[in-house]
Amino acid sequence: MPDKKFNNNRDSEACLFDAAVVGGGLAGLALSILLAKSDYKVILFEKEKYPFHKVCGEYISMESWKFIESLGFDLSNADLPLINKLFVSSPDGHFIQSRLDLGGFGISRYYLDNELKEIAARKGVTVCPETKVNDITFQDEFFAIRYNGGETTASLVAASFGKRSNLDVKWKRGFINKKPGKLNSYVGVKYHIKSQVSDDTIALHNFKNGYCGISKIEDGKCCLCYLTTAKNLKDSGNSIKEMEKTILYQNPLLKMIFLKSEFLFKKPVTISQISFDTKSQVESHMLMIGDAAGMITPLCGNGMSMAFHSAKIAFENMNAFLKKDINRELMEKQYTTQWRKIFESRLRIGKIIQKLFGKPFLTNIFIRTVKYFPFVIKKMIRITHGKEF
């Protein structure tokens, strides 16, 4: 089924969907596929045109492998790099290495999101790319979704619009109104590069007030993605190139990668105002999924798996509601409880690690010391990763 430019009239019976998903990233696409496979009428909105690049570390832990394949994506035949080693360097160039017991694999969002979009369309989802949702209201047990070009209604809405959206601002969600601080004023930058990086290793290179992840993805390419503070960028004259030369290059291992790699983008993909502050899992009767519900720090390397897992638990509760096994109130309560049980401790540990890393003195000392206590690294890996779902 081709992508649709959806333009319906609210008064028509044809405009009513069982579920609308706002945001076509991993969580939104996975949820829409699950709902469509259960024969529900689903519409999905995405403001960008597929395929497109997103700021993302592009590493997925193996806990998600079977789930992704259950959606219809044959990962086994996609020839993806399997990753089972971790390399971490301090700002002064010292490093530690560890085995990733669970492991993961590398795949670009450009490839993965587009494949899932195609699966969603084949399953019968009304996919609406290049469609920006401007508002969603709830009345008389139905949602009205207003977007550029029209309006439609749905019994349920799941919000999967990422780290920060126009709707977050419009609804004045709690994390939006917080003053800039240690958890809510970050900038993300991503490149694809050609570099001499081991296929089986994900590297995490620390620098002043930030860290950079590098790992292989499909077609022999690497994803290089880093997170740093808005202050670092401001102090560099708001120039990414200048910031890289004056701050990131202070880590000699990172400098070598930048100087010896082939950069495949004309300019990096960027995002600003990233927040790791606590978010709500339900907003005006909408289930928030993926980063819209809560974001784990990238150095924990597990955000993509969290997105998929949140879609699964959202589907289970939405399915029960649509089958009339539970009411709306219980659906919202159960989803919130389950989400927090699965993710809350991982987010909390991630925030603690986030505050420690990127401080040159502390990180240098930590890396030099922890190499003598490898069980500490393994413990950190275990508590920030989940189990197969």
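Report on the accompanying structure. The structure presented is a predicted model; accordingly, all values stated were derived computationally and were not measured.

Here we take up the overall build of the protein chain. Looking only at helices and strands, one finds 11 helices and 17 strands in the protein chain. Across the 389 residues in the protein chain, those meeting the buried criterion constitute 57%. Taking contacts inside the protein chain between residues at least 6 apart in sequence as the whole, the part at least 24 apart equals 73%. By element, 51% of the accessible surface of the protein chain is carried by carbon and sulfur atoms, the whole surface being about 17400 Å².

Okay, the state of the cysteines next. With the rule as written, the count across this model stands at 0 disulfides. Cysteine 223 provides the cysteine sulfur closest to cysteine 56, a residue in no disulfide bond, and the two sulfurs are 6.8 Å apart. Free cysteine cysteine 222: the closest other cysteine sulfur is in cysteine 223, separated by 8.8 Å.

Quick look at the side chain of aspartate 135 now. Assignment of secondary structure puts aspartate 135 in strand β7 (residues 133–139). For aspartate 135, a relative accessible area of 18% corresponds to the buried category.

Taking 1.5 Å of rise per residue, the 20 residues of helix α8 (residues 303–322) would be expected to cover 28 Å, and the 28 Å separating its terminal C-alpha atoms lies within 8% of that figure. Most of α8 is tucked away: 17 of the 20 residues are buried. Of the residues trailing α8, lysine 324 is marked for its positive phi of about 70°.

Calculation notes
Residues numbered from 1 in each chain as written. Predicted model: local features only at pLDDT ≥ 70, side-chain atom pairs only at ≥ 80, totals over all residues. Heavy atoms only, no water. Helix = DSSP H or I, 4+ residues; strand = E, 2+ residues; numbered from the N terminus. Buried < 20%, exposed > 50% of the residue type's maximum accessible area, 1.4 Å probe, protein only. Contact = heavy atoms within 4.5 Å. Areas by Shrake-Rupley, 256 points an atom, 1.4 Å probe, with all protein chains shown as cover. Disulfide = S-S within 2.5 Å. Expected span 1.5 Å × (residues − 1).

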